[in-house]
Amino acid sequence: MHLPVRVVHFFALNYCIIYAALNNTLNSPHITQLLNRLFAEAEASAPALKAVAQSDASRMLTSRTDYREFYGLLKDIPLPVSGETGNLLYMLARSTGARHIVEFGTSLGVSTIYLAAALRDNRGGRVITTEFEPSKAARARQHLTEAGLIDLVEIREGDALETLAHDLPEAVDLVLLDGAKALYTDVLERVEKRLRSGSLVLADDANLSPEFVNRMRANPSLYLSAPLAGDLEPSMRLA
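Residues numbered from 1 in each chain as written. Predicted model: local features only at pLDDT ≥ 70, side-chain atom pairs only at ≥ 80, totals over all residues. Heavy atoms only, no water.

Here we look at the sheet that holds strand β2 (residues 126-131)
- One open sheet holds the 7 strands; their spatial order is β3-β2-β1-β4-β5-β7-β6, and the pairing between them is mixed. Only two strands of the sheet have a single neighbouring strand rather than two, namely β3 (153-157) and β6 (223-225). Along the sheet, successive strands turn relative to each other by an average axial angle of 15°, direction set aside.
- Where strand β4 (residues 172-177) lies against strand β5 (residues 195-204), 5 bridges are found, and the strand directions are parallel. Across the sheet, Val172 pairs through a bridge with Leu195, a residue of β5.
- Relative to β5, helix α9 (residues 184-191) is tilted by about 160°, and along the sheet it contacts β1 (100-104), β4, β5 and β6. (Pairing = 2+ DSSP bridges. Helix = DSSP H or I, 4+ residues; strand = E, 2+ residues; numbered from the N terminus. Axes fitted to C-alpha atoms, helices over the stretch in contact; angles between N-to-C directions. Contact = heavy atoms within 4.5 Å.)

Quick word on empty space enclosed by the protein
- One pass over the structure, following the stated rule, counts 1 cavity of 30 Å³ or more.
- Computed from the structure, the largest cavity encloses a volume of approximately 40 Å³.
- If you go around the largest cavity, the residues you meet are Leu79, Pro80, Val81, Thr106, Ser107, Leu108, Gly109, Val110, Ser111 and Asp178. (1 Å grid on protein atoms, 1.4 Å probe; cavity = no way out; pocket = protein on both sides within 12 Å on 5 of 7 lines; lining within 4 Å. Points joined across faces, edges and corners; volume = space filled by probe spheres on them.)

Regarding the packing of aromatic side chains
- The tally for this structure, following the rule as stated, stands at 3 aromatic pairs.
- Measuring from ring centre to ring centre gives 6.5 Å for Tyr71 and Phe132, while their planes differ by 90°; the resulting arrangement is edge-to-face. Here Tyr71 is found in helix α4 (residues 67-73), whereas its partner Phe132 is found in the loop between β2 and α7 (134-147), with 61 residues between them in sequence. The pair Tyr71 / Phe132 is uniform in exposure class, with both members buried.
- Aromatic pair Phe104 and Tyr184: ring centres 6.3 Å apart, planes at 80°, arrangement edge-to-face. Highlighted residues: Phe104 in strand β1 and Tyr184 in helix α9, separated in sequence by 80 residues. (Phe/Tyr/Trp six-rings, centres within 6.5 Å; stacked < 30°, edge-to-face > 60°. Buried < 20%, exposed > 50% of the residue type's maximum accessible area, 1.4 Å probe, protein only.)

Structural notes on the layout of surface pockets
- Estimates place the volume of the largest pocket at around 740 Å³.
- Along its surface, the largest pocket is lined by 39 residues, and Tyr71, Leu74, Leu79, Lys181 and Asp205 are the ones closest to its centre.
- Of all elements in the fold, only α2 (29-44), α3 (46-53), α4 and β2 reach the threshold of two or more residues within the lining of the largest pocket.
- Taken together, the residues that form the lining of the largest pocket break down as 20 nonpolar, 8 polar and 11 charged. (Nonpolar A, V, L, I, M, F, W, Y, C, P; charged D, E, K, R; others polar.)

Remarks on the pattern of salt bridges
- On inspection of all chains with the given rule, the structure shows 15 salt bridges.
- Between Glu41 and Arg37 there is a salt bridge, with the nearest N and O atoms lying 3.8 Å from each other. On the criterion of helical spacing, the pair formed by Glu41 and Arg37 is a turn pair, its members being 4 residues apart in helix α2.
- Note that Arg217 is salt-bridged to Glu233, the shortest N-O span being 3.0 Å. Linking Arg217 in helix α10 (residues 210-218) with Glu233 in strand β7 (residues 232-237), this pair joins segments that are 16 residues apart in sequence. (Salt bridge = Lys/Arg side-chain N within 4 Å of Asp/Glu carboxyl O.)

With respect to the confidence of the model for the protein chain
- Here the protein chain averages 88 in pLDDT, and 90% of its residues register 70 or above.
- Long-range and interchain partners of residues 1-22, a stretch whose pLDDT sits below 50, account for 4 contacts in this model, where long-range means more than four residues apart. (pLDDT = per-residue confidence, 0-100.)

Quick word on the environment of Ala53
- Position of Ala53 relative to the elements: it lies in helix α3.
- Considered as a pair, Ala53 and Phe70 are 17 residues apart in the sequence and their alpha carbons are 9.7 Å apart.

Some points on the packing of α9 against α10
- Two elements in contact, α9 and α10, have axes separated by 8 Å at closest approach and are oriented at 45°. As the angle between them shows, α9 and α10 are arranged oblique. Counted together, Tyr184, Thr185, Leu188 and Glu189 of α9 and Glu211, Phe212, Arg215 and Met216 of α10 form the full contact between these two elements.
- Considering only residue class, the contact of α9 with α10 consists of 4 nonpolar, 1 polar and 3 charged. (Parallel < 35°, antiparallel > 145°, perpendicular 65-115°, else oblique.)

Listed below in structure tokens is the structure:
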């Protein structure tokens, strides 16, 4: 017996919805508890972050030469994406079927957890992430191990301009820029030749890197950008 095509499509669609619901790694209780704890720690450290941001050191935030010193002042302060942004990262990585992801700026590994969870639900892949602060890299590794996702993540410790200059996948599906804002353009240039058509470049706090924003919007035949009102700007590689 041959079922009508619309009936086949109906059952296929519902199967995909049910399968996705059953295989959402983010819903795992241990990951939910871990993320809640990390967000609570970030909230508790907000006054310390605000103090640094309001100090004279804030001028180093967008400096191409002093970024190490600035982020050194924040070595004990979590710098996670928001929960809403994390969910968006998961959705974008999951819906595009991403298998190879590059992340600039691990911090304590919150965004990496969202990205690796998407890879788990995409049935595998690898997140290459980089962090130059050794203590943060160590804590990120601990958190990813606790989340049960460390097997999907390669943490490269050091300056991203060096750690992302070699040994990248032939094709990169998604790039997250969430480190020193002044380096967004330089980091992208390390990865750009690996970007396939349709791949995504996601820039957190892109408004703090006008050089990067101008570059992404200068050639609309190469990238399509969609500025968001929140803290993330996605761009899609067109060719």
